[in-house]
Amino acid sequence: MSKKAYRGKDFEVYFDSEKCIHSGICVKGMPEVFDLKKRPWINTDGAPTDKIAAHIDTCPSGALSYRYLSSPST
Ligand code: SF4
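What you see is a predicted model; the values in this text were computed from it and never measured. (Residues numbered from 1 in each chain as written. Predicted model: local features only at pLDDT ≥ 70, side-chain atom pairs only at ≥ 80, totals over all residues. Heavy atoms only, no water.)

S.K.: Tell me about the nonpolar core, residues and numbers included.
M.R.: Ranked by internal contacts, the top residues of the largest apolar core, which has 17 residues, are Val13, Phe34, Ile42, Ile52 and Leu64. Looking at this core, the elements with two or more residues in it are strand 2 (11-16) and helix 2 (49-56). (Core = buried A, V, L, I, M, F, W, Y, C linked by side-chain atoms within 4.5 Å. Buried < 20%, exposed > 50% of the residue type's maximum accessible area, 1.4 Å probe, protein only. Helix = DSSP H or I, 4+ residues; strand = E, 2+ residues; numbered from the N terminus.)

S.K.: Any chance you could break down the environment of Lys3 for me, citing the residues and the numbers?
M.R.: Along the polypeptide, Lys3 turns up in strand 1 (residues 3-7). Given the relative accessible area of 42%, Lys3 is considered partly exposed. When the C-alpha positions of Lys3 and Ser65 are compared, they lie 10 Å apart, and in sequence the two are 62 residues distant. Sequence-distant contacts of Lys3, that is, excluding residues within four places in its chain, are made with Tyr14, Phe15, Asp16 and Ser65. (Contact = heavy atoms within 4.5 Å.)

S.K.: Break down the site of the ligand for me, citing the residues and quoting the values.
M.R.: The local shell around the ligand holds 13 residues, among which Cys20, Ser23, Cys26, Cys59 and Ser61 are the closest. Its residues assigned to classes, the shell around the ligand shows nine nonpolar, four polar and no charged. (Near = heavy atom within 4 Å. Nonpolar A, V, L, I, M, F, W, Y, C, P; charged D, E, K, R; others polar.)

S.K.: So what about the sheet that holds strand 2? Which residues, and what values?
M.R.: As summarised here, the arrangement of the three strands in space is 1-2-3, forming an open sheet in which the pairing is antiparallel. Edge positions in the sheet fall to strand 1 and strand 3 (64-68), since each has one partner strand and no second. Sheet twist, expressed as the mean angle between neighbouring strand axes with direction ignored, is 20°. Sitting on the sheet, helix 2 is in contact with strand 2 and strand 3, with an inclination near 150° to strand 3. (Pairing = 2+ DSSP bridges. Axes fitted to C-alpha atoms, helices over the stretch in contact; angles between N-to-C directions.)

S.K.: An account of the pattern of salt bridges is needed here, citing residue identities and associated values.
M.R.: Should the charged atoms of two oppositely charged side chains come close, the side chains can pair. Enumeration according to the criterion identifies two salt bridges in this entry. In this structure, Arg7 and Glu12 form a salt bridge, with 3.8 Å as the shortest nitrogen-oxygen distance. For Arg7, a relative accessible area of 60% corresponds to the exposed category. Between Glu12 and Arg67 there is a salt bridge; the shortest N-O distance is 3.4 Å. (Salt bridge = Lys/Arg side-chain N within 4 Å of Asp/Glu carboxyl O.)

Next up, the structure:
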């Protein structure tokens, strides 16, 4: 299995290492959530969920995805 889940309070992020093309967009654009020096390297509660979702949408490979565990905050 190359896909891992990173669960937060009301949001879950998925990372598929086989799809990642190592562009670095995730870590450069949102280091408070995506930090390769930390374990786990994705801090799902590190920023507002709508901001994380918008940033994940910029991942060029589709390696990152997400789902809301409850209604998105407004
Ligand atoms: S933005 Fe996507 S493709 Fe780029 S390093 Fe992050 S997960 Fe990999």
